[in-house]
Amino acid sequence: MDRPYLFCHMLVSLDGKIMGSYMDLPACEAAGELFYDIAFGQPPFYPHQGWLSGRVTTDDNFTHYREPDLDPDAPPVPAGDFIAGKAPLYYVSVDPRGVLGWQGNTVTYETTTAQVIEILTGQASNAYKAFLRRQGISYLLAGEESLDYALALKKLKDHFGIQMLMLGGGGVLNWSFLQAGLCDEISLVVAPAADGNPTTPSLFSAKEGISKDKPISFTLIGAQEGKGNALWLRYRVNHPEPETGAEMP
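Now for a look at the structure at hand. Because the structure is a prediction, the values reported are computed rather than measured.

## Side note on the overall build of the protein
Point 1. Secondary structure summary: the protein contains 5 helices and 10 strands in total.
Point 2. Against the 2.2 N^0.38 benchmark of 18 Å for 249 residues, the protein shows a C-alpha radius of gyration of 18 Å, consistent with a compact globule.
Point 3. With the C-alpha coordinates aligned to their principal axes, the bounding extent of the protein is approximately 55 × 40 × 35 Å.
Point 4. Intrachain contacts of the protein at a sequence separation of at least 6 include 76% that bridge at least 24 residues.
Point 5. When the accessible area of the protein is evaluated, it comes to approximately 11,500 Å², of which 53% is carbon and sulfur surface.

## A word on the packing of aromatic side chains
Point 1. Per the stated rule, a full pass over the model turns up 18 aromatic pairs.
Point 2. Considering the side-chain rings of Phe-40 and Trp-51, the 5.0 Å spacing of their centres and the 75 degrees angle between planes classify their relative orientation as edge-to-face. Within this pair, whereas Phe-40 is found in helix H1 (residues 29-40), its partner Trp-51 is found in strand E2 (residues 50-54), the two being separated by 11 residues in sequence.
Point 3. The class of Phe-40 is buried, set by a relative accessible area of 5%.

## Comments concerning unusual backbone geometry
Point 1. Cis geometry marks the peptide bond from Gln-42 to Pro-43; its omega dihedral reads 0 degrees.
Point 2. Mapping Pro-43 onto the fold places it in the loop between H1 and E2.
Point 3. Note that the residue after Gly-169, namely Gly-170, is joined by a cis bond; omega there is 5 degrees.
Point 4. Within the fold, Gly-170 resides in the loop between strand E7 (164-167) and helix H5 (171-179).
Point 5. One non-glycine residue with positive phi stands out, namely Asn-229, at about 70 degrees.
Point 6. Looking at where Asn-229 falls in the secondary structure, it is placed in the loop between strand E9 (217-225) and strand E10 (231-238).

## A closer look at the nonpolar core
Point 1. One finds Trp-51, Trp-102, Val-107 and Leu-132 to be the most contacted residues of the largest nonpolar core, which totals 39 residues.
Point 2. Of all the secondary-structure elements, those providing two or more residues to this core are strand E1 (5-12), H1, strand E5 (112-120), helix H3 (126-135), strand E6 (138-141) and E7.
Point 3. Ranked by the residues each element gives to this core, the list is headed by H1, at 6 residues.
Point 4. Leaving out residues up to four positions away in the same chain, Trp-51 has contacts with Phe-40, Phe-62, Leu-89, Tyr-90, Tyr-91, Val-92, Val-107, Tyr-109, Thr-112, Ala-114, Leu-165 and Met-166.

## Some points on the pattern of salt bridges
Point 1. Scanning all chains against the criterion turns up 4 salt bridges.
Point 2. A salt bridge links Asp-184 to Arg-3; the nearest nitrogen and oxygen atoms lie 2.9 Å apart. Remark: Arg-3 occurs in the segment before E1 and Asp-184 occurs in the loop between H5 and strand E8 (185-190); sequence separation between them is 181 residues. Side by side, Asp-184 and Arg-3 carry an identical accessibility label, which is buried.
Point 3. Arg-234 is the partner of Glu-185 in a salt bridge, and the nearest nitrogen-oxygen pair spans 2.8 Å. One end of the pair, Glu-185, is in strand E8; the other, Arg-234, is in strand E10, with 49 residues separating them in the sequence. Taken individually, Glu-185 and Arg-234 each receive the classification buried, so the pair is uniform in this respect.

## Remarks on the pairing of strand E4 (residues 106-109)
Point 1. Where E4 and E5 come together, 4 bridges link them in antiparallel fashion. Note on E5: the bridge partner recorded for Val-107 is Ala-114.

## What about the environment of Ile-162?
Point 1. Mapping Ile-162 onto the fold places it in the loop between helix H4 (149-160) and E7.
Point 2. Judged by relative accessible area, which is 0%, Ile-162 ranks as buried.
Point 3. For the pair Ile-162 and His-48, spaced 114 residues apart in the sequence, the C-alpha separation amounts to 7.7 Å.
Point 4. Beyond its immediate sequence surroundings of up to four residues, Ile-162 is in contact with Pro-4, Gln-49, Tyr-90, Leu-156 and Lys-157.

## Quick word on the state of the cysteines
Point 1. Throughout the structure, instances matching the rule amount to 0 disulfides.
Point 2. Distance from the sulfur of Cys-8, which forms no disulfide, to the nearest cysteine sulfur (Cys-183) is 5.4 Å.
Point 3. When its relative accessible area of 1% is taken as the criterion, Cys-8 is described as buried.
Point 4. Unpaired in this structure, Cys-28 has its nearest cysteine sulfur neighbour in Cys-8, at a distance of 18 Å.

## Details of the side chain of Glu-118
Point 1. By the element assignment, Glu-118 lies in strand E5.
Point 2. Lacking a salt bridge, the buried Glu-118 has Arg-55 as its closest oppositely charged neighbour, with an N-O distance of 9.2 Å.
Point 3. Here Ser-93 takes part through its side chain, which lies 3.5 Å from a polar atom of the side chain of Glu-118.
Point 4. Of the polar contacts made by the side chain of Glu-118, one reaches the side chain of Tyr-128; its length is 3.1 Å.
Point 5. For Glu-118, the contacting residues outside a window of four places in its chain are Ser-93, Asp-95, Leu-100, Trp-102, Tyr-128, Leu-132, Ile-137, Ser-138, Tyr-139 and Leu-140.

Parameters and conventions
- Residues numbered from 1 in each chain as written.
- Predicted model: local features only at pLDDT ≥ 70, side-chain atom pairs only at ≥ 80, totals over all residues.
- Heavy atoms only, no water.
- Helix = DSSP H or I, 4+ residues; strand = E, 2+ residues; numbered from the N terminus.
- Rg over C-alpha atoms; globule rule 2.2 N^0.38 Å.
- Contact = heavy atoms within 4.5 Å.
- Areas by Shrake-Rupley, 256 points an atom, 1.4 Å probe, with all protein chains shown as cover.
- Phe/Tyr/Trp six-rings, centres within 6.5 Å; stacked < 30°, edge-to-face > 60°.
- Buried < 20%, exposed > 50% of the residue type's maximum accessible area, 1.4 Å probe, protein only.
- Core = buried A, V, L, I, M, F, W, Y, C linked by side-chain atoms within 4.5 Å.
- Salt bridge = Lys/Arg side-chain N within 4 Å of Asp/Glu carboxyl O.
- Pairing = 2+ DSSP bridges.
- Disulfide = S-S within 2.5 Å.
- Lys, Arg positive; Asp, Glu negative; His and termini not counted.
- Polar contact = N/O pair within 3.5 Å; in protein donor to acceptor, adjacent residues only side chain to side chain.

Given below as structure tokens:
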């Protein structure tokens, strides 16, 4: 396989939400701990080399909607990808246009620190690529007007040796990789809670111009009860025919 094994690992409510006020309930604490231990424990269940999220998820958790410090007069950067260095673990951010306001080249999630890699398209400006170089952040170009999902994964394997990668949201990105036939497994930690909010994001979400609502089926490969009434479910993806990538927001 010329790409990493891709598993989507998410914490969800009983009504399929990946964010919301339900997360504040004490009943969700054990589920949250189980979610973290599966992916980032010592050792984790999945021996991955990094995790991948979309622009909105990255802004929500790490860059907090800061503006990048761009130099509009930056000299032209060399064509192609930029590899700032190698690390034991990577955080891969899908940022097609190049808008995230990084202030360093690593992120820390709980007790886990990872080196940042940006996935860009040809829409990212020279000024933004120069900004990433100043920050010491690697970037990979995958597509011109739209994101080439398969190329992005192939480059992650070729340039960084990533054999296994976690897909960690949001719902639009999760569904896009599924629709492209590039996600191999779904791992869900179900919290014993819900809030019924109709506006918070769900596990999978099709978006016009980005992905279709073509149905996908799954095969159960594991079900395990956790502490505090949490449930861990694992599914193998029954792959649809691969589709070409569409532009990510």
